[in-house]
Amino acid sequence: MAHFVKTCIRGFSTSAVREQAIKCVTVIGGGQMGAGIAQVAATTGHQVVIVDQSEDILNKSKASIHKSLQRVAKKKFADDAKGGEAFISEAIDRVSIQTDATNAVGNADLVIEAIVENLDVKKQLFTVLDKAAPQHTIFTSNTSMSYVSSLLALTEWYMLFGGLHLFNPVPVMKLLEVIRIPQTSDDTFDKLLAFGKSMQKTTVNCKDTPGFIVNRLLVPYMVEAVRLVERGDASTRDVDTAMKLGAGYPMGPFELCDYVGLDTMKFIMDGWCEKYPDNPLFQPSAMLNKLVEEGKVGVKAGEGFYSYKKK
Ligand code: 3HC
């Protein structure tokens, strides 16, 4: 009964709550994606809290935001150094950090989860946040592995839930996939679309399907490139050159794997393979698994398909 009552209160909110636009955003996870999302939310006028496990990680997130803001400012305020400095400091001022997720959602209109792709950890997090957040808070996941709806299992806020999938590097990539699960209310969905617009992203809508639109096409393409090299048909360098010069892609598939992270690629593939073991596109790759096992997960590790170590 308690479950039913809470679901109804969260889903059928009062008109005052319904009219409330998203102003305060809590981003859970200060990694590459989380920091990028926090940065763009801050530069577009939102108050942002980033949550992660330690001050150390959070300080690194803030440092990466600062570095990225400098790149944006350099372009946006090419002839206006003072304007650039103000742009950076205003954005930084809108970002605070927290190690306690329950404190961080106290004022949240929107929570965006961008933590490790581990279903149990995510479910546990949402269960805790559900109890701590105000009634109107919308919960979203930036997951690229799980079904968004699979995160609902232990929680009670069905109608205020959806997926927001952004792309790396978030300050540069213009797309936001907005995912609706069957329980997402029209009001929640409209707010997510409006939030995307306020972030100056172009939104596309997608049902809760593996990989949504972009990853469903991009990840099998990248793994197919790995299989091509595994068979000895061509070298990684030549495949990358071919796709950049022959298909006009900004990065070749191996450069992109290294950029996204081989661990992320493996998480995505493993999740899909477990769910759809007969789909040939979702079969594991020995080469990818070996590199991950060796810790060669791409740019962030200094090595993946290519080496990024300074000589
Ligand atoms: N922050 C701010 N600005 C950045 C940036 C960052 N992190 N990274 C790049 N930029 C800006 C640069 O300042 C530069 O601006 P300018 O052209 O005005 O000078 C511009 O972007 C281009 O950057 P670079 O000159 O350094 O390098 P490139 O021209 O090679 O572009 C790239 C880099 C934008 C990453 C481009 O190679 C690209 O678009 N690659 C494909 C990225 C992609 O496919 N992302 C999606 C991955 S899938 C995903 O994220 C989903 C997940 O679930 C797995």
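Scroll up for the structure.
Since the structure is predicted, the reported quantities are computational estimates derived from the model, not experimental observations. (Residues numbered from 1 in each chain as written. Predicted model: local features only at pLDDT ≥ 70, side-chain atom pairs only at ≥ 80, totals over all residues. Heavy atoms only, no water.)

Engineer: Got a minute to help me understand the overall build of the chain in this structure?
Structural biologist: Within the chain, the regular secondary structure consists of 13 helices and eight strands. Computed over its C-alpha atoms, the radius of gyration of the chain comes to 20 Å, within 12% of the 19 Å expected for a compact globule of 311 residues. Summarising its shape, the C-alpha atoms of the chain cover approximately 60 × 55 × 35 Å along the three principal directions. Every one of the 311 residues in the chain was classed for burial, and the buried ones make up 47%. Considering only contacts within the chain whose residues lie at least 6 apart along the sequence, 68% involve residues at least 24 apart. (Helix = DSSP H or I, 4+ residues; strand = E, 2+ residues; numbered from the N terminus. Rg over C-alpha atoms; globule rule 2.2 N^0.38 Å. Buried < 20%, exposed > 50% of the residue type's maximum accessible area, 1.4 Å probe, protein only. Contact = heavy atoms within 4.5 Å.)

Engineer: Sorry, what's going on with the site of the ligand here?
Structural biologist: The environment of the ligand is made up of 18 residues, and the closest members are S68, R71, K75, H165 and N168. H165 is positioned such that a nitrogen or oxygen atom in its side chain is 2.8 Å from an oxygen atom of the ligand. In this structure, a nitrogen atom belonging to the ligand sits 2.7 Å away from a main-chain N or O atom of N168. In isolation the ligand offers 1000 Å² of accessible surface; the protein chains occlude 67% of this area. Of all the elements in the fold, those that place two or more residues in the shell around the ligand are α4 (55–76), α9 (214–230) and α11 (253–260). (Near = heavy atom within 4 Å. Polar contact = N/O pair within 3.5 Å; in protein donor to acceptor, adjacent residues only side chain to side chain. Areas by Shrake-Rupley, 256 points an atom, 1.4 Å probe, with all protein chains shown as cover.)

Engineer: I tried to follow the sheet that holds strand β1 (residues 24–28) on my own but got confused; where do I start?
Structural biologist: By definition, the strands of a sheet pair up through backbone hydrogen bonds, in either a parallel or an antiparallel sense. Taken in spatial order, the eight strands make up an open sheet running β3-β2-β1-β4-β5-β6-β7-β8, and their pairing is mixed. Edge strands, defined here as strands with exactly one partner in the open sheet, are β3 (95–98) and β8 (202–207). Between one strand axis and the next, the sheet turns by 25° as a mean value, whatever way the strands run. As paired strands, strand β5 (residues 138–141) and strand β6 (residues 161–165) are joined by three bridges and run parallel to one another. Considered in β6, the bridge of T140 is made with G162. (Pairing = 2+ DSSP bridges. Axes fitted to C-alpha atoms, helices over the stretch in contact; angles between N-to-C directions.)

Engineer: Can you walk me through unusual backbone geometry in this structure?
Structural biologist: With glycine set apart, most residues show a phi of negative sign, and most peptide bonds adopt trans. Residue P169 is reached from N168 by a cis peptide bond, and omega for that bond is -5°. Position of P169 among the secondary structure elements: in the loop between β6 and β7 (175–180). The phi dihedral of F212 is positive, around 50°, even though this residue is not glycine. Relative to the elements of secondary structure, F212 occurs in the loop between β8 and α9.

Such coordinate-based values are descriptive only and should not be taken to indicate function.
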